[in-house]
Amino acid sequence: MINLCGCYETHDLKVEADIGADAIWCNKCFSNFDIEYVPISNELKSELFEWLSKYGEWIDWDTDGIVLNGAELEEEHNKQGLKLTEKVQKELEGKYKVSFSPSTYAKRCAAQKQ
Ligand SMILES: [Zn+2]
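All of the points below concern the structure found in this document. Once a new chain begins, its residue numbering starts again from 1 and follows that chain's sequence as written. With pLDDT at 70 or above as the cut-off, local features in this predicted model cover only qualifying residues; side-chain atom pairs require 80 or more to be listed or tallied, and sums for whole chains, interfaces and linings still use all residues. The side-chain values count all of the structure's non-hydrogen atoms but skip hydrogen atoms and water molecules.

**Quick notes on the sheet that holds strand E1 (residues 12-15)**
In plain terms, the rule: Strand pairing is assigned whenever DSSP detects at least two bridges linking the two strands. The way it works is that DSSP assigns letters per residue, a run of H or I at least four long becomes a helix, a run of E at least two long becomes a strand, and they are numbered from the N terminus. Every angle, taken between N-to-C directions, lies between 0 and 180 degrees, and every axis is a line fitted to C-alpha atoms, over only the stretch in contact when it is a helix. The contact rule is simple, with two residues in contact once any of their heavy atoms fall within 4.5 Å.
Strand order in this open sheet of 3 strands is E2-E1-E5, and the pairing throughout is mixed. Every interior strand has two partners, whereas the edge strands, strand E2 (24-26) and strand E5 (97-100), have only one. When strand polarity is set aside, the average angle formed by the axes of neighbouring strands in this sheet is 35°. Where E1 lies against E2, 3 bridges are found, and the strand directions are antiparallel. Residue pairing in the sheet places Leu13 in a bridge with Cys26 of E2. Against the sheet, helix H2 (residues 70-91) makes contact with E1, E2 and E5, and its axis sits at roughly 180° relative to E5, the strand it touches most.

Right, dumping it as structure tokens:
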């Protein structure tokens, strides 16, 4: 396995959606991996791309707030992310530990308004 970040050995990965980033990260140094080099199936890669493209549907960019039903949209996105993380974990079984880092944007926004 090639080194995807500066860590001597990487065994911990995380799946997290962010604007302009790929979906898989080092869970130690938080480097964002180029998904091209992550040894998972192309099918799963395209599922991750699709999932990423939906990230932020709950964000109202004009006000930096959330859209109507934003919290539900985020929760649904997190559910899909968790499922994809399980798939990634399955394909990388025995090589990596993969955890999921859910988006908390809408939740934080809601908390601020209260
Ligand atoms: Zn690292």
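**Regarding the packing of aromatic side chains**
To keep things clear, this is the line we draw: The pairing test for Phe, Tyr and Trp rings, Trp by its six-membered ring, is centres within 6.5 Å, and the orientation test on the planes gives stacked under 30 degrees, edge-to-face over 60, and tilted for anything in between. For every residue, the accessible area (1.4 Å probe, protein chains only) is compared with the maximum for its type, and the residue is labelled buried under 20%, exposed over 50%, or partly exposed between those bounds. Either the NZ atom of lysine or the CZ atom of arginine qualifies as a charge over a ring when it sits within 6 Å of the ring centre and within 35 degrees of the ring normal.
Inspection of every chain in the model, using the stated rule, returns 2 aromatic pairs. Between Trp51 and Phe100, the aromatic rings sit 6.1 Å apart at their centres with planes inclined by 55°, giving tilted as the arrangement. In this pair, Trp51 sits in helix H1 (residues 42-53) while Phe100 sits in strand E5, placing the two residues 49 residues apart along the sequence. For Trp51, a relative accessible area of 3% corresponds to the buried category. Geometrically, the ring pair formed by Tyr55 and Trp58 is edge-to-face, given 5.3 Å between the ring centres and 85° between the ring planes. For the residue pair Tyr55 and Trp58, the accessibility class agrees, reading buried in each case. Above the plane of the ring of Trp25 lies Lys14, whose end atom (NZ or CZ) is 5.8 Å from the centre.

**So, the coordination of the zinc ion**
Here is the rule we go by: For Na, K and Ca the donor cutoff is 3.2 Å, while for all other metals N, O and S atoms count as donors only within 2.8 Å; water does not appear among the atoms, so some sites may look incomplete. Geometry is assigned from the angles between donors: four donors with all angles from 85 to 135 degrees make a tetrahedral site, four or six donors whose opposite pairs exceed 155 degrees while the rest stay between 65 and 115 make square planar or octahedral sites respectively, and everything else is labelled irregular.
Protein coordination at the zinc ion comes from Cys5 (SG), Cys7 (SG), Cys26 (SG) and Cys29 (SG), with a distance range of 2.3 Å. If you look at the zinc ion, its 4 donor atoms make angles of 106 to 114° with each other, and the shape they trace is tetrahedral. For the zinc ion, the donor residues sit on a single chain with the sequence spacing C-x1-C-x18-C-x2-C. Here Cys5, found in the segment before E1, pairs with Cys29, found in the loop between E2 and H1; they are 24 residues apart in sequence, far enough to count as distant.

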